[in-house]
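Residue-level structural notes
Single-letter residue listing:
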Amino acid sequence: MRHQPVDSSLFSANRKRLACTLEPQSVAVVNANDLLPVNADATLPMQPNSDLFYLSGIEQEESILLLAPNSAHETWREILFIREPNELMRIWEGHKLSRDEASRISGIKTVHWLSDFPAIFRQLMHESNQVYLNQNEHGRASSEMETREDRFVRDCLKRFPLQQYKRLAPLLHRLRLVKSEIELELMQKAVSITNAGFKRVFRYVRPGINEAEIEAEFAHEFIRSHAYFAYSPIVASGSNACILHYQTNDRPCRDGDLLLLDVGAKYANYSADLTRTIPVNGRFTRRQKAVYNAVLRVMRAGIEGAVKGKTHRDWTREAQEHMNEELLELGLLKPRDIRNQTPGSFACRKYFMHGLGHALGLDVHDVGSMAQPFEAGWVLTVEPGLYIPEEGFGIRLENNVLITTEGPKDLTADVPVEAEEIEERMAKNLRRKISIRRNASQKTKRSA
Ligand code: GLY
Ligand code: MN
Ligand code: MN
């Protein structure tokens, strides 16, 4: 793993919290992710399973966590199963966790090799009244691929048809929504690495630079900080910013264009999700700035409005009403558009067609139901945008906010966001570049 070791008390506390929500005499199982195949014999790098990490800190493929909090065998209340390393594995894949290492990372005392799993699992199944199995229940998950967890569920139902099965995912979703101190520290670290990436990019952006080169500057900053991209970065200049999931990042940035950057780092599996929109030549036009400031006002109001007890629906509606007002001021909507809007389709949706924000944590669109009112400990993104293809630009701003009993806390408050501050930063860097170039050419003349 690239990151510093995470205090195992995080994982022990998470297991304890989960154990309190399980029915008596039950067993719960969580599997690692598969290594995802691509073409020929290639696979993507391992993507740790978020639930397994949350409960154990284990990121290694093929691992299995068994929890049976009331088992009569005290040493079986928490068991981790991992691959048994062998010489071939060492030669081709490198180091694999020893049982001691897995125990240190997770705080779990009982660690077995995978070959012990079938016998122990059968015995635990026979002594349990209910079995909690896990599946990806994210509301927008849409993959057709069967996961390792799906295969495990299918196999279990076949081999133990008389058991009472329950869904683990809703319990985990409720827990994962509320972030603990250690999780917030890791998220703050992801934010600070992301901030460094943005500050680096402010130094490089200029007319003619390709979107791909800008992505590379983020990669440089993230990888040197032992982090990864939390999601496919969106580096979208000009009207590309109006494509909400733009990912090709391959166009030259033109003088006069705006550049939308939706890029976040992931550190120790915890994500940041940040968006800034900046002028390619270092200065916003009057019109661009007017639209920018409208989006900024909606974001600021959204941050202030992210308070305990509010529902996601009301929060979003407040932002949509606010955006309607801003669009009237900008001349993009007429009063009649607002009079004719329906509750299901606000007038602003023509230019602001996505949600105001989502939960953030181990996953970028993190798990957890948004139907219940906001609670202290939730981290939300606040990300209004206006996309105006007829004017050739789109603007989105996105900050990450922690809900507390004392009110919202902006985890991304240090990332420059005022239009003037962005202009100043970019101007300073452009001035520095010009003076370096001037000094270099004077030196060349003197030595000639
Ligand atoms: N970066 C994905 C999102 O903003 O939701
Ligand atoms: Mn984003
Ligand atoms: Mn987001």
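See the structure shown above.
The text that follows walks through the structure, step by step, so that each part is easy to find. (Residues numbered from 1 in each chain as written. Chains lettered and ligands numbered in written order. Predicted model: local features only at pLDDT ≥ 70, side-chain atom pairs only at ≥ 80, totals over all residues. Heavy atoms only, no water.)

**A short note on the overall build of the protein chain**
Defined as follows: Numbered from the N terminus, helices here are DSSP runs of H or I no shorter than four residues, and strands are runs of E no shorter than two. For the exposure calls, accessible area comes from a 1.4 Å probe over protein chains only, and a residue counts as buried if that area is under 20% of its type's maximum, exposed if over 50%, partly exposed in between. The contact criterion used is simple: two residues touch if any of their non-hydrogen atoms lie within 4.5 Å. Here the positive residues are Lys and Arg and the negative ones are Asp and Glu; neither His nor the chain ends is included. Charge positions are represented by NZ for Lys, CZ for Arg, CG for Asp and CD for Glu.
The helix and strand inventory of the protein chain stands at 13 helices and 17 strands. Of all 448 residues assigned to the protein chain, the portion counted as buried reaches 50%. Sequence-distant contacts, at least 24 apart, represent 71% of the contacts inside the protein chain between residues at least 6 apart. The protein chain carries 60 positive and 59 negative side-chain charges, and their two centres are separated by 5 Å.

**Brief notes about the coordination of the manganese ion (ligand 3)**
Inclusion rule: Only N, O and S atoms count as donors, using a 2.8 Å limit from the metal and a wider 3.2 Å limit for Na, K and Ca, and since water is excluded some coordination spheres may look unfilled.
Asp273 (OD), His358 (NE2), Glu383 (OE) and Glu398 (OE) make up the full set of protein donors to the manganese ion (ligand 3), lying at 2.1 to 2.2 Å. Spacing between the donor residues of the manganese ion (ligand 3) along their common chain follows D-x84-H-x24-E-x14-E. The metal-metal distance between the manganese ion (ligand 3) and the manganese ion (ligand 2) comes to 3.4 Å, with aspartate 273 coordinating both. Of the two residues, aspartate 273 sits in the loop between strand S11 (270–271) and strand S12 (274–279) while glutamate 398 sits in the loop between strand S15 (393–396) and strand S16 (399–404), which places them 125 residues apart along the sequence. The two residues aspartate 273 and glutamate 398 agree in class, both being buried.

**Some points on the coordination of the manganese ion (ligand 2)**
Reference values for coordination geometry: four tetrahedral donors around a metal ideally subtend 109.5 degrees, six octahedral donors ideally subtend 90 or 180 degrees. Note the cut-off: Only four donors with every angle between 85 and 135 degrees are called tetrahedral; only four or six donors with opposite donors over 155 degrees apart and all others between 65 and 115 are called square planar or octahedral, in that order; all others are irregular.
Here the manganese ion (ligand 2) is held by Asp262 (OD), Asp262 (OD), Asp273 (OD) and Glu398 (OE), and the distances to it run 2.0 to 2.5 Å. Here the manganese ion (ligand 2) is ringed by six donor atoms whose angles at the metal span 55 to 170°, and the overall shape comes out irregular. Sequence spacing among the residues donating to the manganese ion (ligand 2) works out to D-x10-D-x124-E. A relative accessible area of 4% places aspartate 273 in the buried class. Exposure remark for glutamate 398: the relative accessible area of 0% places this residue in the buried category.

**Comments concerning the environment of leucine 258**
Its location among the elements puts leucine 258 in strand S9 (residues 258–263). The buried category is assigned to leucine 258, whose relative accessible area is 1%. When the C-alpha atoms of leucine 258 and histidine 95 are compared, they prove to be 46 Å apart, with 163 residues separating the residues in sequence. Apart from the residues lying within four places of it in its own chain, the contact partners of leucine 258 are Ala236, Ser237, Gly238, Thr277, Ile278, Pro279, Val280, Phe284, Gln288, Phe393 and Ile395.

**Some thoughts on the pairing of strand S6 (residues 164–167)**
Here is the rule we go by: Only strands joined by at least two bridges in the DSSP assignment are considered to pair. A clockwise path from the first strand over the helix to the second, with the strands pointing away from the viewer, defines a right-handed crossover.
Where strand S5 (residues 130–133) lies against S6, four bridges are found, and the strand directions are parallel. Considered in S6, the bridge of valine 131 is made with tyrosine 165. In terms of handedness, the path from S5 via helix H6 (residues 148–159) over to S6 forms a crossover that is right-handed.

**Here's the deal with the environment of methionine 323**
Structurally, methionine 323 can be placed in helix H11 (residues 312–329). Between the C-alpha atoms of methionine 323 and proline 279, which are 44 residues apart in sequence, the distance is 22 Å.

**So, unusual backbone geometry**
Apart from glycine, the bulk of residues carry a negative phi angle, and the bulk of peptide bonds sit in the trans form. Positive phi, close to 65°, is recorded for histidine 226, a residue that is not glycine. Here histidine 226 lies in the loop between helix H9 (211–224) and strand S7 (228–229). Overall, histidine 226 belongs to the partly exposed group, its relative accessible area being 42%. Of note, the phi angle at alanine 268 is positive, near 50°, even though the residue is not glycine. Tracing the backbone through its elements, the reader meets alanine 268 in the loop between strand S10 (265–267) and S11.

**Some remarks on the pattern of salt bridges**
For clarity, the threshold we go by: Put simply, a salt bridge is a Lys or Arg side-chain nitrogen that is within 4 Å of an Asp or Glu carboxyl oxygen.
Scanning the model with the defined rule gives 30 salt bridges in all. The residue aspartate 366 makes a salt bridge to lysine 179 at a minimum N-O spacing of 3.0 Å. Remark: lysine 179 occurs in the loop between helix H7 (169–177) and helix H8 (181–204) and aspartate 366 occurs in the loop between helix H12 (335–339) and strand S13 (379–382); sequence separation between them is 187 residues. By relative accessible area, lysine 179 is classed as buried at 6%. Bridged by salt links that share partners, the residues Asp51, Arg176, Lys179, Asp363 and Asp366 form one connected network.

**So, the site of ligand 1**
Spelled out, the test is: Summary of the distance rule: residues count as near a molecule or strand when at least one heavy atom falls within 4 Å of that molecule or strand. In protein, a polar contact means a hydrogen-donor-capable atom and an acceptor-capable atom, both N or O and within 3.5 Å, with residues adjacent in sequence counting only if both atoms are side-chain atoms; elsewhere, any N or O pair within 3.5 Å suffices. Throughout, the Shrake-Rupley method with a 1.4 Å probe supplies accessible areas, and for residues the shown protein chains are the sole cover considered. In this count, Pro and Cys sit with the nonpolar residues alongside Ala, Val, Leu, Ile, Met, Phe, Trp and Tyr, while Asp, Glu, Lys and Arg are called charged and the others, Gly among them, polar.
Near ligand 1 the following residues occur: Tyr231, Asp262, Asp273, His358, His365, Glu383 and Glu398. Within the side chain of aspartate 273, an N or O atom sits 3.1 Å from a nitrogen atom of ligand 1. Between ligand 1 and the protein, one listed contact pairs an oxygen atom with a side-chain N or O atom of histidine 365 at 2.6 Å. About the coverage of ligand 1: the protein hides 84% of its 200 Å² of free accessible area. For the shell around ligand 1, the residue count by class is one nonpolar, two polar and four charged.

**Notes on the sheet that holds strand S8 (residues 234–237)**
Note the threshold: With axes taken as lines fitted to C-alpha atoms, and helix axes fitted only over the stretch in contact, angles between N-to-C directions fall between 0 and 180 degrees.
Read from one edge to the other, the open sheet built from three strands follows the order S8-S9-S12, with strand pairing classed as antiparallel. Looking at which strands have only one partner, the edges of the open sheet turn out to be S8 and S12. Between one strand axis and the next, the sheet turns through 10° on average, direction left out of account. Note: S8 against S9, four bridges, orientation antiparallel. Along S9, the bridge assignment pairs serine 237 with leucine 259.

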